[in-house]
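Fold and geometry: a report
Chain residues, written in single-letter form:
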Amino acid sequence: MTPEGATMPLPMLPEGAQAQIVEVRAGRRLKERLAGLGLHAGAQVRILRDNGGPLLLAIGNTRLALGRGMAHKILVQPVPTEVSRL
Amino acid sequence: MTRSRPIRVALAGNPNAGKSTVFNALTGAHQHVGNWPGKTVEKKEGFFTHRGLKVEVVDLPGTYSLSAYSPEERIAQAFITEEHPDVVVNVVDASNLERNLYLTAQLLEIGAPMIIVLNVFDVAEQLGYRIDIERFARLVGVPVLKAVASKGVGIDALREAIFQIAETPESAIPAPTLHYDHEIERAVRQLTDALADLPDLQGYRPRWLAVKLIEGDAQARRVVSQSPQAAAVLALADRLLDKLHRVYGEDVDIALADARYGFVRGLTRQVLTRPQQPPRTFSDRIDQIVTHRWLGIPLFLFLMYVVFNLVQNVAAPFMDWIDALISGPVTGWTLVGLHALHAPGWLVSLVVDGAIAGVGSVLVFVPSLMVMFFALAFMEDSGYLARAAFVMDKAMAFLGLNGRAFIPMILGFGCNVPAVYATRTIEHRSARILTGLLIPFMSCSARLPVYVVFGMALFGSRAGLVVWGLYVVGVVVAALAGWALARWAFPDVRKSVFVLELPRYRWPTPRGLWLHTWEHTEEFVRKAGTVILGIALLLWLLLNMPWGVQNPADSYFGKVSQAVAPLFRPAGFGTWQAAGSLISGFVAKEVVISTMSQIYIGEEEARQPTPASRDPWADARDTLVGLGQASLDAGKAFLDALTPGISLFPHAEDTSNQTALSRALRGAFTPLSALAFLVYVLLYTPCVATVAAQAQEYGWRWAVVSVGLGLSVAWALATGVFQIGRLLGVG
């Protein structure tokens, strides 16, 4: 189990991990745009691919490519999964 | 019931939710459907008739929300709220329900009669999603239908629902189910009451206006201020907003968005049950390979290599066939006809040397362009193009750009003009301009004929490699120019954010591919028919002026070209013929080859004696047999291109092309000077249309910068290639 309140930037999660978004640190327009794509506080994300560049994310059945710079401004809380698989 | 005007239906939905597919299914139109988010930038219209009711369908641009920040969102919101369509059809990707419902929540708030279409329902079912449609409809108060538009499933039901709502609009007015935070809700209600008392709200729903005023929406403010008693209401709005700012800080609209998300989450929870772990889809499995850390980029480069081989080899037999058709029967029969009419010599020359030679030499390239467009369409429609953007993002970061800028650049391989317009999808202005400056270095399809002709004439079996190499040089030059510009001219460009939806893979439909390919090819052929014909005729005139000039070098065109030619001497092609074709190539690259064939062939050979008659049966037979042989050869080449390294069908003999132009080029260029010439053609200003597009998108200043950049980089590199080659003792 993850201790309560342990948040981290999205890119720190390993490939295949699942997490809940706690906060998106961005201006209002960008925040709105990301929210439109499903990246908003409370959403569940999974990292499908991390090549050291952009992240490939799964949010529900949506697949998003997200630049690493932006990903660092998204704070998440890891969600333990029974089998972490990609 | 009789109507003076047709019922008007607006299609709204997320990019890639299948709006265009629904549009085509409803109207039977042939709108191109791409697997690329944001296909519809402008709105499109079509018609259908159901039970005697004429219905106009407007396909709005795809948007994720209606916040009026982007042009697409403004178009969509303004159409629904100002034009008052009779029915709004919200196309929702059922396999992506939660995300699509944010827009739905905003559409419901507008309060117009609405139908929700849960499209791609089959995929949702495959994913194990179960959606309670009846409950859904009850909760939002509007009809909810399921559909698989690509297979025509559910379209009849949609037509019928539109018909029903046209009869009884009340049956589809959304229930006001979305409530905001306590403080905001109170302000919204207070404002709604004040707005309800205003006369002349032009059919807007007071609650929607109230929410939008609190959001600070310009359109809502404009609507309200047109009412005679607006001042008091606007003052109230400002007062309420002030109060809210004291509670929420600057984040009032974020609180609004959060409330909408709350609504979406609640709705999703009530109508959707999905498996605990989302199953790994077929798309994910493909993505594992194509986005692989080490395989991703090599795979992309390999795919591009296959594409250029296809372009080169599959198209070649057809090109020979068209060439034979034009220089044989077409020219021959035209001559026969002109002689029968006793046409004067100059007219024969104008038609045969000017029109037929000019346009014909361009039409020859239709096969290779079709293969190119087909390959691009396949990558786009299948969904691969978005993955290429993901894979290339890190490399693009080197030029200060991100993966999103990669798509316009790839489109640049087709044609630079739409590529420049495609930069609109980049939000950041500096990133947009920088991308627009780099696009001309992407080798567009109009440049391909030049490579092919030179390749066949001078590089023999290595032509494919030379062509591929030129594309790579274009990319490398773009990379270096991007790096330099991002460093010195656009230091703020690195701040732009990369976020891109990767659509599900799907097998492109033959019809979609054909439409896509044909759309672009037709455009090219039409250009060949008008612009290129015009330039070919003008060129013929300039080549024959002053009147009766014998040697083309003495013509007006020759004189101007001679004046420019010395500039190109360091690059190894300082002849007036080369300079002349580059000058006309500034207008459009399509005419470089047609200019060359006019100049060189006009020079090389005097008109052959014209036969008095031709055998029509022999011509028809040869043409048909030639087409069959060409198809066979193309089929073999196709299989060969798909298995690089292994030649299943070795060429019987090196068919060194013996067309008149090839012979002339072999006389005028060495392989080295030809390579320098090709590098110049690759890098200098693509065409006036691209310059015009740049001026329109970024202003004249940047268009001029782009021309200057192109001319100087092209000259420097062509000179570099020639001089280094000479030092190495090549050529």
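For the structure itself, consult the block above.
So, a few notes on the structure that sits alongside this text. (Residues numbered from 1 in each chain as written. Chains lettered and ligands numbered in written order. Predicted model: local features only at pLDDT ≥ 70, side-chain atom pairs only at ≥ 80, totals over all residues. Heavy atoms only, no water.)

Here we look at the overall build of chain A
Along chain A, the regular secondary structure elements total 2 helices and 6 strands. Taken from N to C terminus, the helices and strands of chain A fall in the order β-β-α-β-β-β-α-β. Taking all 86 residues of chain A together, the buried fraction comes to 52%. Here the contacts in chain A between residues at least 6 apart in sequence split such that 65% fall between residues at least 24 apart. As presented, chain A carries roughly 3600 Å² of accessible surface, and 54% of it is formed by carbon and sulfur atoms. (Helix = DSSP H or I, 4+ residues; strand = E, 2+ residues; numbered from the N terminus. Buried < 20%, exposed > 50% of the residue type's maximum accessible area, 1.4 Å probe, protein only. Contact = heavy atoms within 4.5 Å. Areas by Shrake-Rupley, 256 points an atom, 1.4 Å probe, with all protein chains shown as cover.)

Structural notes on the environment of R99 of chain B
The residue R99 of chain B is located in helix α3 (residues 97-110) in this model. R99 of chain B gets classed as buried once you look at its relative accessible area, which sits at 9%. Sequence-distant contacts of R99 of chain B, defined by excluding residues within four places in its chain, comprise G36, L37, G38 and T62 of chain A together with N14, Y64 and E501 of chain B. Here the side chain of R99 of chain B touches T62 of chain A through a polar contact of 3.2 Å, side chain to side chain. (Polar contact = N/O pair within 3.5 Å; in protein donor to acceptor, adjacent residues only side chain to side chain.)

Here's the deal with the pattern of salt bridges
Enumeration over the complete set of coordinates arrives at 19 salt bridges over all chains. The salt bridge partner of R25 of chain A is E23 of chain A, with a shortest N-O separation of 3.7 Å. By relative accessible area, which is 48% here, R25 of chain A ends up partly exposed. Looking at E23 of chain A, the relative accessible area reads 33%, which means it is partly exposed. One salt bridge in this structure joins K19 of chain B and D59 of chain B, with 3.0 Å as the shortest N-O distance. Residue K19 of chain B is located in helix α1 (residues 19-27), and its partner D59 of chain B is located in strand β3 (residues 53-59); the two are separated by 40 residues in the primary sequence. For the pair K19 of chain B and D59 of chain B, a shared accessibility class is recorded, and that class is buried. Here the residues in one salt-bridge network are E109, K212, E215 and R260 of chain B, joined through shared partners. (Salt bridge = Lys/Arg side-chain N within 4 Å of Asp/Glu carboxyl O.)

Focus on the interface of chain B and chain A
Each side of the interface is counted separately: chain B has 35 residues, and chain A has 36 residues. Summing both sides of the interface, chain B and chain A together bury roughly 3500 Å²; the carbon and sulfur share of this comes to 51%. Applying the counting criterion to the chain B and chain A interface returns 1 salt bridge. As a salt-bridge pair, D284 of chain B and R63 of chain A come within 2.6 Å of each other at their nearest N and O atoms. Between the two partners, chain B and chain A, sit 12 residue pairs in polar contact (both at pLDDT 80 or more). (Buried area = accessible area lost by both parts, 1.4 Å probe.)

What to know about the nonpolar core
All names here are of chain B. In this structure, L438, F454, F573, F669 and F677 are the most contacted members of the largest nonpolar core, which totals 111 residues. Look past the residues within four positions of F573 in its chain and what remains in contact with it is F568, A578, L582, F669, S673, A676, F677, Y680 and A718. Membership of the second largest hydrophobic core comes to 71 residues, among which are V123, V211, A230 and V233. (Core = buried A, V, L, I, M, F, W, Y, C linked by side-chain atoms within 4.5 Å.)

Looking at the side chain of E215 of chain B
Residue and element names in this part refer to chain B. Mapped onto the elements of the fold, E215 is located in helix α8 (residues 206-215). Polar side-chain contacts of E215 include one of 3.0 Å to the side chain of K212. If we skip the residues at most four places from it in the chain, E215 touches D253, L256 and R260.

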